[in-house]
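Architecture and fold: a report
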Amino acid sequence: MTDAGLAPEKLAAHPAAVPPEADLMSKFDSLIAERKALIDTGVTDPFAIVMDQVKSPTEAVIAGRDTILLGTYNYMGMTFDPDVIQAGKDALDEFGSGTNGSRMLNGTFRDHIEVEDALRDFYDVTGAIVFSTGYMANLGMISTLVGKGEYVILDADSHASIYDGCKQGNAEIVRFRHNSVEDLDKRLGRLPKEAGKLVILEGVYSMLGDIAPLKEMVAVAKKHGAMVLSDEAHSMGFYGPNGRGVYEDQGCEGDVDFIVGTFSKSVGTVGGFCVSNHPKFEAIRLACRPYIFTASLPPSVVATAAMSIRKLKTATKKRAQLWENARGLHAGLKALGFRLGTETSDSAIIAIILEDQEQAVTMWQALLDGGLYVNMARPPATPAGTFLLRCSLSAEHTPAQIKTVLAMFEAAGKAVGVIA
């Protein structure tokens, strides 16, 4: 009897009828091969750096070598602040190492309330909700705010967490050209007037360090009846009179409906948040799945965050030092002949554009061997298929370190042939 003639119950058990096992990992073969080829050239894996010791916000030991850190987003250098560290130690002693639950159940401790109060005070708003990471904040807010029959409009160069938040929701997704006020206006004008709309912007875009024309974009959004969410992850702490971000610096505080941020940059720990003055904002806690079904941050983490945010409110000298460092490094690299991501020093991120992956990897390795750590970025993370080295300045970098960094870039750039 042929297989086709077997009874159904026998067919299921017949070896010839069982399809071969599909290896779900096979789709990653090209990535595995690419990474192996990179390592086989003898370079350090740029995506698997291990810090053997961290001495300060700007210094670490990597592969047994003292290294200047220029790729950590530790903008305000709060990771080694004595008051911040002590707050974490005190919370560990009083509450233990974890919460064992979500915020909705048993996961809200005293310091979760304290850090949300610190955020309300820092941003001068009525509502604040803390998430476990900045990624989760975008994922949760976007997927909860806009649903079926509504529209989310985002910059084409938006962060992965913004795109993933859009995918998790049921709203229609509309992209506009990066930082184009005109294209945003045109695309909003094509949407149904009565439909709910959320325009998502970023104060600073993390790859090139360029800033958004928020004032003009927010005005366009409001003209079309859209609400606005601004991700200020890379601007909190040092943009604007109070360090609230680009939206404050450009005078948009009264028109931006939701501000998303992270604790992993200027605050110096881990976690994410959203703040708002909307009178119904607290309802997010009852509907947001990434908030409801995620364990809350450990007490020591939120205690350090609360202390850091309180101190950032009056960190005027730190803000001034960070801008001095950023502008000094940008001017120095430009004078050496490097191609930079922005013509002027608009943020604490400075991107050095390279020709291809080979040049980027070689330059990155030369800097690391010389005692300088920066980020290497490539497609698909980078816009327009560019390869770059990304520097992020800290308020704790000293003038002497900036001078040393420029000398390292000059030596590596000439050795690799990036500059003459």
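Scroll up for the structure.
The structure reproduced in this document is the subject of the present report. (Residues numbered from 1 in each chain as written. Predicted model: local features only at pLDDT ≥ 70, side-chain atom pairs only at ≥ 80, totals over all residues. Heavy atoms only, no water.)

Concerning the pairing of strand β6 (residues 172-176)
Note: strand β5 (residues 151-155) against β6, five bridges, orientation parallel. Along β6, the bridge assignment pairs tyrosine 151 with glutamate 172. Crossover handedness for the path β5 to helix α6 (residues 160-168) to β6: right-handed. (Pairing = 2+ DSSP bridges. Helix = DSSP H or I, 4+ residues; strand = E, 2+ residues; numbered from the N terminus. Right-handed = clockwise from strand over helix to strand, strands pointing away.)

With respect to the sheet that holds strand β1 (residues 51-56)
Across the sheet, four strands lie side by side as β1-β2-β3-β12; this open sheet has mixed pairing. The open sheet has two free edges, formed respectively by β1 and β12 (372-373), since each of these has just one partner strand. Two elements, strand β2 (residues 59-62) and strand β3 (residues 65-69), share four bridges in a ladder whose sense is antiparallel. When the bridges of β3 are listed, alanine 60 appears paired with threonine 67. Its contacts with the sheet put helix α15 (residues 399-416) on β2, β3 and β12, and the angle it makes with β3 is roughly 105°. (Contact = heavy atoms within 4.5 Å. Axes fitted to C-alpha atoms, helices over the stretch in contact; angles between N-to-C directions.)

Here's the deal with the packing of aromatic side chains
Aromatic rings considered in pairs are described by the distance between their centres and by the relative angle of their planes. Here the structure, examined in full by the defined rule, presents 12 aromatic pairs. On the numbers, 5.0 Å between centres and 85° between planes, the contact of tyrosine 239 with tryptophan 323 is edge-to-face. One end of the pair, tyrosine 239, is in the loop between β8 (227-231) and α9 (246-249); the other, tryptophan 323, is in helix α13 (residues 316-336), and 84 residues separate them in sequence. For the pair tyrosine 239 and tryptophan 323, a shared accessibility class is recorded, and that class is buried. (Phe/Tyr/Trp six-rings, centres within 6.5 Å; stacked < 30°, edge-to-face > 60°. Buried < 20%, exposed > 50% of the residue type's maximum accessible area, 1.4 Å probe, protein only.)

Notes on a nonpolar patch on the surface
Taken together, Met25, Phe28, Leu31 and Ile32 make up a surface patch of nonpolar side chains, about 400 Å² in accessible area. Tracing the sequence through the fold places isoleucine 32 in helix α2 (residues 29-40). The class for isoleucine 32 is exposed, based on a relative accessible area of 53%. (Patch = residues over 30% accessible without salt bridge, like charges linked within 9 Å, V, L, I, M, F, W, Y side chains within 5 Å. Areas by Shrake-Rupley, 256 points an atom, 1.4 Å probe, with all protein chains shown as cover. Salt bridge = Lys/Arg side-chain N within 4 Å of Asp/Glu carboxyl O.)

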